[in-house]
Amino acid sequence: KQEVTQIPAALSVPEGENLVLNCSFTDSAIYNLQWFRQDPGKGLTSLLLIQSSQREQTSGRLNASLDKSSGRSTLYIAASQPGDSATYLCAVIARWSTSGTYKYIFGTGTRLKVLA
Amino acid sequence: EPEVTQTPSHQVTQMGQEVILRCVPISNHLYFYWYRQILGQKVEFLVSFYNNEISEKSEIFDDQFSVERPDGSNFTLKIRSTKLEDSAMYFCASSGAGSSYEQYFGPGTRLTVT
């Protein structure tokens, strides 16, 4: 059974710091991996989707990498800002063996606080 | 840009009552999903729906839950007799048939059972 874990569970950093969030998964048979941002009590905002054939994706100050063989993904946030404060979720996208449809399996999340 | 919408944004109901959560997926999408997130916990898969039938469901999705696509645009989740532990944020998602397999999530409905 696929398990997705995120470390650290919580992180507090001063503004301007570069930081790395980690996501690990137990089964390397995934199709894609996606990072989301979730503000308290709100929905899921997609940040980056990395397809299985890619090793990384970049959007602005965000860079996500994927190493399927080691079961790891990292989200790098450059020059963090107070507005980056949120919970960051990773989700692996795997395939149901029965129907052939796809499912998202979410990680536990990293709660980030960037201090001004 | 097309987006998934959900109504209501917040629903309060009494234990034992039936609730229907509504979703309008992106118009040309073919696959529909419901997920839930209990406060402070992971987002969990409930059910997927394709071609007017359930394609997969989790162990959470027991007989008190049902899904329906009553017309060409809406996708609903019905909880027949709500329990306190059904209190959660419910997310609808939809996806097309493409190589990215990306699911697009709605803003969620917060269900509070009292």
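Conventions adopted
Residues numbered from 1 in each chain as written. Chains lettered and ligands numbered in written order. Predicted model: local features only at pLDDT ≥ 70, side-chain atom pairs only at ≥ 80, totals over all residues. Heavy atoms only, no water. Helix = DSSP H or I, 4+ residues; strand = E, 2+ residues; numbered from the N terminus. Rg over C-alpha atoms; globule rule 2.2 N^0.38 Å. Buried < 20%, exposed > 50% of the residue type's maximum accessible area, 1.4 Å probe, protein only. Contact = heavy atoms within 4.5 Å. Areas by Shrake-Rupley, 256 points an atom, 1.4 Å probe, with all protein chains shown as cover. Lys, Arg positive; Asp, Glu negative; His and termini not counted. Charge placed at Lys NZ, Arg CZ, Asp CG, Glu CD. Buried area = accessible area lost by both parts, 1.4 Å probe. Salt bridge = Lys/Arg side-chain N within 4 Å of Asp/Glu carboxyl O. Polar contact = N/O pair within 3.5 Å; in protein donor to acceptor, adjacent residues only side chain to side chain. Pairing = 2+ DSSP bridges. Axes fitted to C-alpha atoms, helices over the stretch in contact; angles between N-to-C directions. Disulfide = S-S within 2.5 Å. 1 Å grid on protein atoms, 1.4 Å probe; cavity = no way out; pocket = protein on both sides within 12 Å on 5 of 7 lines; lining within 4 Å. Points joined across faces, edges and corners; volume = space filled by probe spheres on them. Nonpolar A, V, L, I, M, F, W, Y, C, P; charged D, E, K, R; others polar.

Chemist: I'd love a proper account of the overall build of chain A, names of residues and values included.
Modeler: Secondary structure summary: chain A contains 0 helices and 11 strands in total. Since a compact globule built from 116 residues should have a radius of gyration of about 13 Å, the 14 Å found for chain A is in line with a globular shape. Seen along its three principal axes, the alpha-carbon backbone of chain A occupies a region of about 50 × 30 × 20 Å. Buried residues in chain A amount to 46% of all 116 residues. Looking at chain A alone, contacts between residues at least 24 apart form 55% of all its contacts between residues at least 6 apart. Within the structure as shown, chain A displays about 5400 Å² of accessible surface, and the carbon and sulfur contribution to it stands at 48%. The positive charge centre, built from 11 side chains, and the negative charge centre, built from 8, are 7 Å apart in chain A.

Chemist: Would you mind going over the interface of chain A and chain B in detail, with residue names and values included?
Modeler: Listed per partner, the contact involves 26 residues of chain A and 20 residues of chain B. Where chain A abuts chain B, roughly 1800 Å² becomes buried across the two surfaces, and 57% of that area is made up of carbon and sulfur atoms. On inspection of chain A and its partner chain B, the count reaches 0 salt bridges. Taken together, chain A and chain B are joined by 6 residue pairs in polar contact (both at pLDDT 80 or more).

Chemist: Any details on the sheet that holds strand 8 (residues 72–77) of chain A? Residues and values, ideally.
Modeler: Residue and element names in this part refer to chain A. With antiparallel pairing, 5 strands are arranged side by side in an open sheet as 1-3-8-7-6. Single-partner strands in this sheet number two, and they are strand 1 (4–7) and strand 6 (56–59). Geometrically, the sheet is characterised by an average inter-axis angle of 15° between neighbouring strands, direction not taken into account.

Chemist: I'd love a proper account of the state of the cysteines, names of residues and values included.
Modeler: Residue and element names in this part refer to chain B. Under the definition given, this model contains 2 disulfides over all chains. The disulfide partner of Cys-23 is Cys-92, and the S-S distance across this bridge is 1.9 Å. Measuring the twist about the S-S bond at about -65°, one finds the Cys-23-Cys-92 disulfide to be left-handed. Of this pair, Cys-23 sits in strand 3 (residues 19–24) while Cys-92 sits in strand 9 (residues 88–95); the two residues are 69 residues apart in sequence, bridging distant segments of the chain. Grouping residues by exposure puts Cys-23 and Cys-92 together as buried.

Chemist: Any chance you could break down the side chain of Glu-56 of chain B for me, citing the residues and the numbers?
Modeler: Note that Glu-56 of chain B resides in strand 6 (residues 53–57). The residues touching Glu-56 of chain B, leaving out its near neighbours within four places in the chain, are Trp-96, Thr-98, Ser-99 and Thr-101 of chain A together with Phe-45, Leu-46, Val-47 and Ser-48 of chain B.

Chemist: An account of the layout of surface pockets is requested, with residue identities and associated values reported.
Modeler: Roughly 580 Å³ of volume is contained in the largest pocket. Along the walls of the largest pocket sit 22 residues, with Lys-1, Gln-2, Lys-103 and Ile-105 of chain A together with Phe-45 of chain B positioned nearest its centre. Top contributing element to the lining of the largest pocket by residue count: strand 10 (residues 102–106) of chain A, with 4 residues. A per-class count over the lining of the largest pocket returns 11 nonpolar, 2 polar and 9 charged. Put simply, the second largest pocket is a space of about 430 Å³. Forming the walls of the second largest pocket are 22 residues, and the residues nearest its centre are Gln-38, Thr-87 and Arg-111 of chain A together with Gln-37 and Gly-40 of chain B. Those elements that place two or more of their residues in the lining of the second largest pocket are strand 9 (86–95) and strand 11 (110–115) of chain A. It is strand 9 of chain A that provides the largest number of residues to the lining of the second largest pocket, a total of 3 residues.

Chemist: Lay out the pairing of strand 8 of chain A in plain terms, naming residues and giving numbers.
Modeler: Note on strand geometry: in a regular strand, side chains alternate between the two faces of the sheet. All names here are of chain A. Here strand 3 (residues 19–25) runs beside strand 8; their pairing, made up of 6 bridges, is antiparallel. In the sheet register, Ser-24 faces strand 8, and the bridge partner there is Arg-72. Between the end of strand 7 (residues 62–67) and the start of strand 8, which pair antiparallel, lie 4 residues, with Gly-71 showing a positive phi angle near 70°.

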